[in-house]
Amino acid sequence: MSKSPSPQFLQKIPDYYCVKHLEPPQLFCDDDQITLCVKCFLSQEHKYHMMHGIEEASVNYRKLFQEILNTLRKKLEVAKSILADVQGKMVMIQREEHNFKEMIKSEYRLRFRLLKENNEMNLLRLQGCVFNLNTREANLHHLIKFARELEEKYQETLQRVNSLGRENMNTLKKSEDRVSTQINSLQSLIRELEKNCGESTLALLQNVRLSLERSESPLLQCLEPAYITNLSFGQITGMSEMLRVFQRHITLDSETAHPLLVLSDDLSSVRFGNVLQGVPDDPKRFDFSATVLGVESFSSGRHYWEVNVEKATKWQLGICKESASQKGDRLKASRDKFLLTGSIMGSDFTLWVFPPLKRVSLREQMHKVGVFLDYEYGQISFYNVTERALIYNFSYPTFQGALRPIFSLCIPNEITNSDCLTICTPQTLSCGVAVNAQSSLV
């Protein structure tokens, strides 16, 4: 009976030799992913397994490792991109949260002002009443009640934004940790496979099984960006009825309309024409964008109007500074206009505000937009009339010069386009409705 090799003898045998038969390997078993000597090959254990010569197997696995490396490198670049996006979002949402809170403060400051002014107006009306004292006292109770409700609504909205902000930051931090771990794992595996590809034939084949096992999980791993809740979803509701106290009759200025635009006879609606209209050349006429201004010009006071956008797929609404000439679209400067842009592509509805260019999220498509200007307080606000909710507001220290309503449609690529914008007729509020409209502030 033959004696087993001593441990001292085995230490002198190269690592890739067959320990059982003490012979160099000449074959590679794909099923078990190990090297075999001839005697191992003849055993019953590998009788039905797929075999390759050492050199052939080495070529095949080097090629396979290179393919895996290419995939892993692409995944690494994706992971790095996701990490950079996550870290960018962490900075962005802090800034967005601050801006959104300022917008909330601006909106509720306006509501408090309107509530106070509405109450003062009511008191003036009551000066001639017989039951003046009792009526004034009741009015004061109403004012205190609505002021308290406004404060509660304001605090609730701020708390909702704070909660969304914390959730978003926690989501991003978890994503940052997860993606950082994925990056470290990918980098380690890439270094390992690069080292294996540089090894000798037998050394490479000795590590095949381990390398493939380690590669399996990263290859199957799904790299996903972090999804956060847009703060715009924390809508500021209410306000619509009170704003209608300031609703103005806005008419379109035919002298400023782009030649492709057709205005209705009552100058309340604008649509595309199939051909250029035969209109006189006028320095006030837009010749670059399909835009028309409102006739009305505002240098003081509060003003509100509503526009039906249901029949338009791409539109812009807002306020611009009055200009002597619209040639070449001189309203491009950000200080000259404040815009809300809507776009529908299939089932997707997108809103943007400018300046600066920023996307605003809504849950559903909007059909009617309210535009509000408070000249003295430097505020411009856009409202979703259907939902009675604020979309976005701009706050500036002061306005200078006259401001005018602006309406735009996207010039179509096709010959015909049915897009249309219609200015809504102001609703007449009775004195009683106007007096009690303060209830709509909350």
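Read on for a plain summary of the structure. (Residues numbered from 1 in each chain as written. Predicted model: local features only at pLDDT ≥ 70, side-chain atom pairs only at ≥ 80, totals over all residues. Heavy atoms only, no water.)

Description of the overall build of the chain
Turning to step 1, where the next piece is worked out: What the chain contains, in helices and strands, is 8 helices and 17 strands.
Turning to step 2, where the next piece is worked out: Out of the 442 residues belonging to the chain, those deemed buried represent 45%.
Turning to step 3, where the next piece is worked out: Restricting to contacts in the chain with at least 6 residues of sequence separation, those with at least 24 account for 72%.
Turning to step 4, where the next piece is worked out: Counting only carbon and sulfur atoms, one obtains 52% of the accessible surface of the chain, whose full area is about 23,800 Å². (Helix = DSSP H or I, 4+ residues; strand = E, 2+ residues; numbered from the N terminus. Buried < 20%, exposed > 50% of the residue type's maximum accessible area, 1.4 Å probe, protein only. Contact = heavy atoms within 4.5 Å. Areas by Shrake-Rupley, 256 points an atom, 1.4 Å probe, with all protein chains shown as cover.)

Some words on the sheet that holds strand β3 (residues 51-53)
Turning to step 1, where the next piece is worked out: In spatial order, the strands read β2-β1-β3; together these 3 strands make up an open sheet with antiparallel pairing. A single partner strand is all that each edge strand has here, and the edge strands are β2 (34-36) and β3. Averaged over neighbouring strand pairs, the angle between their axes works out to 35° when direction is ignored.
Turning to step 2, where the next piece is worked out: Here 3 bridges tie strand β1 (residues 27-29) to β2, and the two strands are oriented antiparallel to one another. Bridging from a neighbouring strand, cysteine 29 pairs with isoleucine 34 of β2. (Pairing = 2+ DSSP bridges. Axes fitted to C-alpha atoms, helices over the stretch in contact; angles between N-to-C directions.)

A closer look at the pattern of salt bridges
Between side chains of opposite charge, pairing is possible as soon as their charged atoms come close.
Turning to step 1, where the next piece is worked out: In the structure shown here, the tally under the stated rule is 12 salt bridges.
Turning to step 2, where the next piece is worked out: Glutamate 107 is the partner of arginine 111 in a salt bridge, and the nearest nitrogen-oxygen pair spans 3.3 Å. Remark: glutamate 107 and arginine 111 occur in helix α3 (residues 54-125); sequence separation between them is 4 residues, near one turn of the helix.
Turning to step 3, where the next piece is worked out: Arginine 111 gets classed as buried once you look at its relative accessible area, which sits at 0%.
Turning to step 4, where the next piece is worked out: With relative accessibility at 0%, the residue glutamate 107 sits in the buried group.
Turning to step 5, where the next piece is worked out: Note that arginine 302 is salt-bridged to aspartate 374, the shortest N-O span being 2.9 Å. Of this pair, arginine 302 sits in strand β8 (residues 302-308) while aspartate 374 is found in strand β13 (residues 368-374), placing the two residues 72 residues apart along the sequence. We note that arginine 302, like aspartate 374, is buried.
Turning to step 6, where the next piece is worked out: It is possible to trace a salt-bridge network through shared partners that takes in Arg113, Glu117, Arg302 and Asp374. (Salt bridge = Lys/Arg side-chain N within 4 Å of Asp/Glu carboxyl O.)

Re the sheet that holds strand β7 (residues 290-293)
Turning to step 1, where the next piece is worked out: What the 6 strands build is an open sheet, ordered β7-β16-β9-β10-β11-β12; its pairing is antiparallel. Edge positions in the open sheet fall to β7 and β12 (358-360), since each of these has one partner strand only. The mean angle between the axes of side-by-side strands here comes to 20°, regardless of whether they run parallel or antiparallel.
Turning to step 2, where the next piece is worked out: As paired elements, β7 and strand β16 (residues 403-409) share 4 bridges and run antiparallel to each other. The partner of leucine 293 across the bridge, within β16, is isoleucine 406.

Let's talk about the pairing of strand β9 (residues 314-321)
Turning to step 1, where the next piece is worked out: Two elements, β9 and strand β10 (residues 337-345), share 7 bridges in a ladder whose sense is antiparallel. Its bridge partner being in β10, glutamine 316 is matched across the sheet by threonine 341.
Turning to step 2, where the next piece is worked out: Inspection of the sheet shows β9 paired to β16 by 7 bridges, in the antiparallel sense. Counted as the bridge partner of glycine 318 is isoleucine 406 from β16.

Examining unusual backbone geometry
Turning to step 1, where the next piece is worked out: Put simply, phenylalanine 354 and proline 355 share a cis peptide bond, and its omega is 0°.
Turning to step 2, where the next piece is worked out: At leucine 267, a residue that is not glycine, the phi angle is positive and equals roughly 60°.
Turning to step 3, where the next piece is worked out: Of note, leucine 267 is situated in the loop between β5 (261-263) and β6 (269-272).
Turning to step 4, where the next piece is worked out: Here arginine 388, not a glycine, exhibits a phi torsion of approximately 50°, which is positive.
Turning to step 5, where the next piece is worked out: Its place among the elements puts arginine 388 in the loop between β14 (379-384) and β15 (389-395).
Turning to step 6, where the next piece is worked out: A relative accessible area of 31% means that arginine 388 is categorised as partly exposed.

Brief notes about the nonpolar core
Turning to step 1, where the next piece is worked out: Within the largest apolar cluster, 66 residues are counted, with the highest numbers of intra-cluster contacts made by Trp315, Leu340, Leu351, Met366, Val369, Phe407 and Leu421.
Turning to step 2, where the next piece is worked out: Each residue touching leucine 351, except ones within four places of it in the same chain, is listed here: Trp315, Leu340, Thr341, Gly342, Lys358, Arg359, Val360, Leu362, Met366 and Ile391. (Core = buried A, V, L, I, M, F, W, Y, C linked by side-chain atoms within 4.5 Å.)

A word on the side chain of asparagine 196
Turning to step 1, where the next piece is worked out: Position of asparagine 196 relative to the elements: it lies in helix α4 (residues 132-197).
Turning to step 2, where the next piece is worked out: The exposure class of asparagine 196 is buried, given its relative accessible area of 5%.

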